[in-house]
Amino acid sequence: CARREIGSGRMTTGGRAVLLLPLLVVSALFAQIRASDPLFHESFDEGFEGSWVVSGKEEYSGVWKHEKSDGHEDYGLLVSEPARKYAIVKELDSPVTLKDGTVVLQFEVRLQNGLECGGAYLKYIRPQEAGWDAKEFDNDTPYTIMFGPDKCGSTNKVHFILKHKNPKTGKYVEHHLKSPPSVPYDKLSHVYTAILKPDNEVRILVDGEEKSKANFLSADDFEPALIPSKTIPDPDDKKPEDWDERAKIPDPAAVKPDDWDEDAPTEILDEEATKPEGWLDDEPEEVDDPEAAKPEDWDDEEDGEWEAPKIDNPKCEEAPGCGEWKRPMKQNPAYKGKWHAPMIDNPNYKGIWKPQEIPNPEYFELDKPDFDPIAAIGIEIWTMQDGILFDNILIADDEKVATAILEKTWKPKFDVEKEKQKAEEAAAADSEDLSEFQKKIFSVLYKIADIPFLEPYKIKIIDIIEKGEKQPNITISILASVAVILVTVLFRTIFGGKKPVAPVKPVAEVKKPSATEADAAGSSGDKEEKEDDTTVPRRRSRRET
């Protein structure tokens, strides 16, 4: 009976363990699920309207769009117009603290049209005053961290800027990472990651690869340093009037020598020079071109009096020179320039003056940064390029979570884009090889144009070749046209003919000539001969040249 009372009134140790085991399993499972979730993740799969708030300020006229990334089915937040200001913000359900543990800030951005001048960074907004309206978001909205790419002119960096409150003054100061990584120069998707560690370390990653590492409290890593210097120059200290900072002074006892001529020229005529033998004093350096003829269509009233163009005098090419001979100039051995007293050590030199140091009233000590929480995420940029696509904006408290999302969302897209880029580069390389081949073809065609029996057709053939050089895609058409000319001339030469056949007209810019066009071009002798007469270049008058 006693045993029954004990058994019914108390639970054994083994029984309690059996009941607690399911609770422990559930708790562990919940903790695992919690650890695998980011604190915030915006994938833009469902659009942004109703979740993100576009700034109502008039200056932000850029239109945000929910668009697919080029070549993918994945959506993002798109900057749709160039040369605009953009501003949009997303308020978090609850602020994210940065003071305890690891915090990972991560997002994707793709510069689909490149980035010549503009930003593609995020602002992690600190809690605002009561009554703040998200539609008031602008450049002056206070933030905790600004992070992301920025490129314009000499600026090319992935910003990491921390706004930290000075506990002595209550003022917020911007602290810039001194050695930020540069922005990748391509049009691929890239992921930017900032990992804030509890030991005051911050690591900047691009595409999952560490590019920069710094310590928040190191004066070597941030400008200005988070912890101010203990002393500062006394702003009230003034340099004494008799303080001499000149290390050297002109020798007051020095006197300019009597024979020092400051007016002597740097160069003088070389009196020892003689005119070279064979110098043609009476020959001008240029003469009228004896082969030039006044064009038949020259109108003296309209074009002015025609004058033959000038050419170099052929007689001067064989002589040492033509025209009036003049003695050359040489360095003046008597030239000394302006006289200056020699410099000597200054007996009154006291060194470079500096104000005395005094205790810095803004100095404070700090074990770790006093981060403000993140209450919202904003994008506030000005850019000259459109096509900037933001995606997968993430805040996590576990690096593994951020890496897992990176591998799942960004990596597949990047691999596809990279393969496409390689294919395009290979195609471009093949195109360059083809261009070299085309250059060889055109070189041969120029030699063909110089064949004596093709002299009447030389101008037309060269016109066709030059057309092909400007439009390499019609190289085959060029070859066909020149071949028609060559075969037709050979045929007429062998079998005779009253009139030499004129060359074909240049082919169309983007079409190959049809057989009928080639035949017609080969039988248009009278018309082409007449056009040849009008292709003689018109001589210009001297005032035109």
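Residues numbered from 1 in each chain as written. Predicted model: local features only at pLDDT ≥ 70, side-chain atom pairs only at ≥ 80, totals over all residues. Heavy atoms only, no water.

**Looking at the overall build of the chain**
Selection rule: The helix count covers DSSP runs of H or I at least four residues long, the strand count covers runs of E at least two residues long, and both are numbered beginning at the N terminus. Residue burial is assigned from relative accessible area. The probe radius is 1.4 Å, only protein chains are included, and a residue is buried under 20% of its type maximum, exposed over 50%, and partly exposed in between. Contact criterion: two residues are considered in contact whenever any of their non-hydrogen atoms come within 4.5 Å of each other. Residue-level accessible areas treat just the shown protein chains as cover; the underlying method is Shrake-Rupley with a 1.4 Å probe.
Each helix and strand in the chain was counted, giving nine helices and 25 strands. Here the chain, with 545 residues, has 35% of them falling under the buried criterion. Summarising the internal contacts of the chain: among those between residues at least 6 apart in sequence, 73% fall at separations of at least 24. Here the chain has roughly 33,800 Å² of accessible surface; of this, 52% comes from carbon and sulfur atoms.

**Focus on the packing of aromatic side chains**
Formally: Any Phe, Tyr or Trp ring, taking Trp's six-membered ring, that has another such ring centre within 6.5 Å forms a pair; planes under 30 degrees apart are called stacked, those over 60 apart edge-to-face, and the others tilted.
Counted by the stated rule, this structure contains 12 aromatic pairs. Geometrically, the ring pair formed by Trp64 and Tyr86 is edge-to-face, given 5.2 Å between the ring centres and 75 degrees between the ring planes. Here the residue Trp64 occupies a position in strand β3 (residues 64-68), and Tyr86 occupies one in strand β5 (residues 84-96), the gap between them amounting to 22 residues. Accessibility classification places Trp64 together with Tyr86 in one group, the buried group. Taking 6.2 Å as the distance between ring centres and 65 degrees as the angle between the ring planes, the aromatic pair formed by Phe147 and Phe160 counts as edge-to-face. One end of the pair, Phe147, is in strand β9 (residues 143-152); the other, Phe160, is in strand β10 (residues 155-165), and 13 residues separate them in sequence. Summarising the burial analysis for this pair, Phe147 and Phe160 share the class buried. An aromatic cluster of at least three residues, connected via ring pairs, comprises Trp64, Tyr86, Phe107, Phe147, Phe160, Tyr192, Phe216, Phe222, Phe371 and Phe390.

**Some thoughts on the pairing of strand β6 (residues 103-111)**
Where we set the bar: Here, any two strands with at least 2 DSSP bridges between them count as paired.
With nine of nine residues buried, β6 is to be regarded as a mostly interior element. Every second residue of β6 is oriented toward a common face, with Val103, Leu105, Phe107, Val109 and Leu111 on one face and Val104, Gln106, Glu108 and Arg110 on the other, all of them buried. Pairing of β6 with strand β12 (residues 189-196), which is carried by eight bridges, proceeds in the antiparallel orientation. In the sheet register, Gln106 faces β12, and the bridge partner there is Thr193.

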